Amino acid sequence: TGDFAIVFPTNDIHRLTAEITAAGYPIVSPPVPLIIREEYEVQPVEMMFRDPDGVLVNLVQAGVLKKK
């Protein structure tokens with residue numbers, strides 16, 4: 001008894017989330033920051049949804065550090 005996820009990196013998590021939602025896939029978790037860090041200009045973000053077979057898919061977008 002457990003679950004597993006397939007994880008994919010992306011550079012455009014919000015566009016993909018819109019497409020996934022429009023396609024009718026069940027969203028488990030909308031895009032949320034992983035950990036808020038002051039040194040990041042853009043926070044790392046992840047989201048999860050289920051594919052048609054019920055497999056959990058995790059999308060992860062890396063953060064962007066502030067320029068010094």
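Here the residue numbers are simple positions, counted from 1 along each chain's written sequence. For this predicted model, a pLDDT threshold of at least 70 governs which residues receive local features, and a threshold of 80 or more governs which side-chain atom pairs are given and counted, while totals over whole chains, interfaces and linings are taken from all residues. Based on all heavy atoms of the structure, the side-chain values leave hydrogens and waters out of the count.

Engineer: What exactly am I supposed to notice about the environment of Glu38 here?
Structural biologist: We count a stretch as a helix when DSSP gives it H or I for four or more residues in a row; a strand needs E for two or more, and each element gets its number in order from the N terminus. Position of Glu38 among the secondary structure elements: in the loop between β2 (27-33) and β3 (40-42). The exposed category is assigned to Glu38, whose relative accessible area is 63%. Considered as a pair, Glu38 and Val57 are 19 residues apart in the sequence and their alpha carbons are 28 Å apart. Note on classification: 1.4 Å probe, protein chains only; a residue is buried when its accessible area is under 20% of the maximum for its type, exposed when over 50%, partly exposed between these limits.

Engineer: Looking at this model, I keep getting lost on the pattern of salt bridges. Mind explaining?
Structural biologist: Opposite charge on two side chains makes pairing possible when the charged atoms of those side chains draw close. Salt bridges are identified by distance alone: a Lys or Arg side-chain nitrogen within 4 Å of an Asp or Glu carboxyl oxygen. This structure, assessed with the given rule, holds three salt bridges. A salt bridge links Arg15 to Asp12, with the nearest nitrogen and oxygen atoms 3.1 Å apart. On the basis of relative accessible area, Arg15 is assigned to the partly exposed category, the value being 41%. Arg15 is the salt-bridge partner of Glu19, the closest N and O atoms lying 2.6 Å from each other. One end of the pair is Glu19 and the other is Arg15, both in helix α1 (residues 13-22) and four residues apart, which spans about a single turn. Here Glu19 falls in the partly exposed class, since its relative accessible area comes to 43%. Sharing partners across several salt bridges, the network here consists of Asp12, Arg15 and Glu19.

Engineer: Any chance you could explain the sheet that holds strand β5 (residues 56-61) here in plain terms?
Structural biologist: Pairing between the strands of a sheet is mediated by backbone hydrogen bonds and can be parallel or antiparallel. Note on pairing: two strands pair once DSSP finds at least 2 bridges between them. Read across the open sheet, the four strands follow the order β1-β5-β4-β2; overall the sheet is mixed. The sheet terminates laterally at β1 (5-9) and β2, the two strands that pair on one side only. Between one strand axis and the next, the sheet turns through 15° on average, direction left out of account. Alignment of strand β4 (residues 45-50) against β5, held across six bridges, turns out to be antiparallel. Considered in β5, the bridge of Arg50 is made with Leu56. Residue contacts are defined here by distance: any two heavy atoms, one from each residue, within 4.5 Å place the two residues in contact. Axes, fitted as lines to C-alpha atoms, cover a helix only where it is in contact. Angles between the N-to-C directions of the axes lie from 0 to 180 degrees. Strands in contact with α1 are β2, β4 and β5; relative to β4, the strand with the most contacts, it is inclined by about 15°.

Engineer: Which parts of the structure should I look at to understand a nonpolar patch on the surface?
Structural biologist: Residues enter patches when they are more than 30% accessible in relative terms and free of salt bridges; like-charged ones are connected within 9 Å and nonpolar ones (Val, Leu, Ile, Met, Phe, Trp, Tyr) within 5 Å. Note on areas: these come from Shrake-Rupley sampling with a 1.4 Å probe, and a residue is covered only by the protein chains present in the view. A cluster of nonpolar residues, Phe4, Ile6 and Phe8, forms a patch on the protein surface that exposes about 300 Å² of accessible area. When you line up the elements, Phe8 lands in strand β1.

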